[in-house]
Amino acid sequence: MTQLGLPDTIQACLFDLDGVVTKTALVHAAAWKETFDPFLRDYDGAQGRPFDAVADYDEYVDGRPRADGVRAFLASRGIQLPEGTPEDPPDARTVHGVGNRKNLLLLEKIRTGGVEAYAGTLRYLEAVRAEGLRTAIVSSSANCRDVLRAVGAEHFFDVRIDGVVAAERHLPGKPHPDTFLAAARDLGVEPSHAAVFEDALVGMDAGRAGGFGYVVGVDRVGQADALYAHGASIVVQDLAELGGKQ
């Protein structure tokens, strides 16, 4: 293992954004809850149960592209909506309308509350760059670039594969490995020589499915066992635990 806590064969590091680089996972969870709860009031019994910002978030929406998260959560309640289009207004009762409502709430929370990065991750990124490893940010968020700029972290990454790039290239989101594989390709590195850093269970699935050389699970919410079960090579609460101090 290197001083970065990685196998000697690793040449590149692929980082998720929310929950790994920035403290936006809780903001996303709150925006989803504010989106789903009024919608669910139209349903009775188990279907209308409020959105759980921990359990439902982790299981159905964390790490997934926005529309996929809407579909997965509503399917868990036995609810189906028309797809609609990405241009649907945020009050439309369609998959894209619900997703657009969530995005409006998210952007408002980011504007009013600001965005903060994990200090341990920034220090680790500095160490990774100092060692000459290539880096990519891999996120389902269409707001990835704005968030990175808000925390002054855009310069840490050679490649960005986010919701915008994925849509342009028609890449399916996590748990499919395609976005991570695209990042490795853009960096000119084989997946077996790249490490994935993720906090979401679907991110673990993507790392395992893509045949990556090392998958680091970042446990911010006490789900270490689940991260291991979904394919983590190691689980840490903060990337500072891996080493790489400068």
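Structure: above.
This is a predicted model, so every value here is computed, not measured.

Student: Would you explain empty space enclosed by the protein in this entry?
Tutor: Rolled over the atoms, a probe sized like a water molecule indicates the empty space that remains. On inspection of all chains with the given rule, the structure shows one cavity of 30 Å³ or more. Here the largest cavity is characterised by a volume of approximately 210 Å³. If you trace the largest cavity, you find 22 residues lining it, with Asp18, His28, Gly63, Arg64 and Ser140 closest to the centre. Mapped by element, the contributors of at least two residues to the lining of the largest cavity are helix H1 (25-40), helix H2 (55-61) and helix H4 (95-113). Among the elements that take part in the lining of the largest cavity, H4 stands out by supplying three residues, more than any other. Among the residues forming the lining of the largest cavity, the class breakdown is seven nonpolar, seven polar and eight charged.

Student: Is there a simple way to think about the pattern of salt bridges in this case?
Tutor: Pairing between side chains of opposite charge can happen when the charged atoms of each approach one another. Going through the model one piece at a time under the given rule, you end up with 16 salt bridges. Between Lys23 and Glu116 there is a salt bridge; the shortest N-O distance is 3.2 Å. Note that Lys23 is positioned in the loop between strand E1 (12-15) and H1 and Glu116 in the loop between H4 and helix H5 (119-130), a separation of 93 residues in sequence. Notably, a salt bridge pairs Lys174 with Glu198, separated by 2.5 Å at the nearest N-O pair. Of this pair, Lys174 sits in the loop between helix H7 (163-169) and helix H8 (178-187) while Glu198 sits in strand E4 (residues 194-198), and the two are 24 residues apart along the sequence. The burial state of Lys174 is the same as that of Glu198; both residues are buried. A single network of salt bridges, built from pairs that share partners, joins Asp16, Lys174 and Glu198.

Student: It is not clear to me how the sheet that holds E1 should be interpreted in this structure. Could you clarify?
Tutor: Across a sheet, paired strands are connected by hydrogen bonds in the backbone, their directions being either parallel or antiparallel. Strand order across the open sheet formed by six strands is E3-E2-E1-E4-E5-E6, with parallel pairing between neighbours. The outermost strands of the open sheet, each flanked by one partner alone, are strand E3 (159-161) and strand E6 (234-236). Mean inter-strand twist for the sheet, computed between neighbouring axes without regard to direction, equals 20 degrees. In terms of strand pairing, strand E5 (residues 214-218) meets E6 through three bridges, oriented parallel. When the sheet's bridge partners are listed, Val216 is paired in E6 with Ile234. Sitting on the sheet, H5 touches E1, strand E2 (134-138) and E4, and the angle it makes with E1 is about 155 degrees. Across the sheet, helix H9 (residues 201-209) lies against E4 and E5, angled at about 175 degrees from E5, the strand it touches most.

Student: When you look at the packing of H1 against helix H3 (residues 66-76) in this model, what are you seeing that I'm missing?
Tutor: In helix packing, the relevant descriptors are the interaxial angle and the interaxial distance, both defined with respect to the helix axes. Orientation of H1 relative to H3, taken along the N-to-C sense of each, is 40 degrees, at an axis distance of 13 Å. Taken together, H1 and H3 sit at an angle that is classed as oblique. For the pair H1 and H3, the sense of crossing is right-handed. Facing H1, whose interface residues are Trp32, Phe36, Phe39 and Leu40, H3 presents Arg66, Val70, Phe73 and Leu74. Residue composition of the contact of H1 with H3, grouped by class: seven nonpolar, no polar and one charged.

Student: Looking at this model, I keep getting lost on the nonpolar core. Mind explaining?
Tutor: The tendency in soluble globular proteins is for nonpolar side chains to be buried side by side. Membership of the largest hydrophobic core comes to 37 residues, with the highest contact counts inside it found for Leu6, Phe15, Tyr124, Phe197 and Leu239. Of all the secondary-structure elements, those providing two or more residues to this core are E1, H1, H4, H5, helix H6 (144-150), E4 and E5. Ranked by the residues each element gives to this core, the list is headed by H5, at five residues. Sequence-distant contacts of Phe15, that is, excluding residues within four places in its chain, are made with Val20, Val21, Tyr124, Leu125, Thr135, Ala136, Ile137, Val138, Phe157, Phe197 and Leu239. With 25 residues, the next largest nonpolar core counts Phe180, Ala183, Leu201 and Met204 among its residues.

Criteria and thresholds
- Residues numbered from 1 in each chain as written.
- Predicted model: local features only at pLDDT ≥ 70, side-chain atom pairs only at ≥ 80, totals over all residues.
- Heavy atoms only, no water.
- 1 Å grid on protein atoms, 1.4 Å probe; cavity = no way out; pocket = protein on both sides within 12 Å on 5 of 7 lines; lining within 4 Å.
- Points joined across faces, edges and corners; volume = space filled by probe spheres on them.
- Helix = DSSP H or I, 4+ residues; strand = E, 2+ residues; numbered from the N terminus.
- Nonpolar A, V, L, I, M, F, W, Y, C, P; charged D, E, K, R; others polar.
- Salt bridge = Lys/Arg side-chain N within 4 Å of Asp/Glu carboxyl O.
- Buried < 20%, exposed > 50% of the residue type's maximum accessible area, 1.4 Å probe, protein only.
- Pairing = 2+ DSSP bridges.
- Axes fitted to C-alpha atoms, helices over the stretch in contact; angles between N-to-C directions.
- Contact = heavy atoms within 4.5 Å.
- Parallel < 35°, antiparallel > 145°, perpendicular 65-115°, else oblique.
- Left-handed = near helix turned anticlockwise from the far one by under 90°.
- Core = buried A, V, L, I, M, F, W, Y, C linked by side-chain atoms within 4.5 Å.

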